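What the coordinates show
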Amino acid sequence: DSTAVKTQSEALLKAVRAVDMTLLSGDAHHFWMNQQKAILGHGKAIVDATELAIQRTQFDHLSQVMIQTVRAFGGGDTTVYVQHCPMAEDWAGADWLSYENEIRNPYFGDKMLKCGTVEDSIPSYQ
């Protein structure tokens, strides 16, 4: 659903722009600045895309940045799962983050909703 993807991406962009960077300093601040730039770039590309295939490719890029970011800063108050579909992106494979251990593949939708594996988990910081 390309429209829902754009709506969710716009919400992500808004949240990322609202991050209070004064809470970070030193290496963490510099790391976040680079991550923020990449998140905003890929998020905007998703919003601007007119084809679902382009949105999926940008989602793959965005997911890689988000995985790095969550690994660096933690998953908040819940465990975050890194999941993988080996068939996405023409068999190159692609990852995504999920709050659920159960696979809900964003790359193939209803066609292959449960295709994929949990590759890693990032524990909450509680």
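Scope of this entry: the structure provided in the associated data block. (Residues numbered from 1 in each chain as written. Predicted model: local features only at pLDDT ≥ 70, side-chain atom pairs only at ≥ 80, totals over all residues. Heavy atoms only, no water.)

Attention now goes to the packing of aromatic side chains. Under the counting rule described, the total for this entry stands at four aromatic pairs. Centre to centre, the rings of Phe31 and Phe73 are 5.8 Å apart; their planes meet at 55°, and the pair counts as tilted. Of this pair, Phe31 sits in helix H2 (residues 26-48) while Phe73 is found in helix H3 (residues 52-73), placing the two residues 42 residues apart along the sequence. Phe31 gets classed as partly exposed once you look at its relative accessible area, which sits at 29%. In this structure Phe73 comes out as partly exposed when scored by relative accessible area, which is 34%. Site record: aromatic cluster; members linked through ring pairs are Phe31, Trp32 and Phe73. (Phe/Tyr/Trp six-rings, centres within 6.5 Å; stacked < 30°, edge-to-face > 60°. Helix = DSSP H or I, 4+ residues; strand = E, 2+ residues; numbered from the N terminus. Buried < 20%, exposed > 50% of the residue type's maximum accessible area, 1.4 Å probe, protein only.)

Generally, phi is negative for residues other than glycine and the peptide bonds are trans, each holding for most cases. At Glu89, a position not held by glycine, the phi torsion is positive, near 55°. Notably, Asp90 is not glycine yet its phi reads approximately 55°, a positive angle. Looking at the secondary structure, you find Asp90 in helix H4 (residues 88-91). A relative accessible area of 76% means that Asp90 is categorised as exposed.

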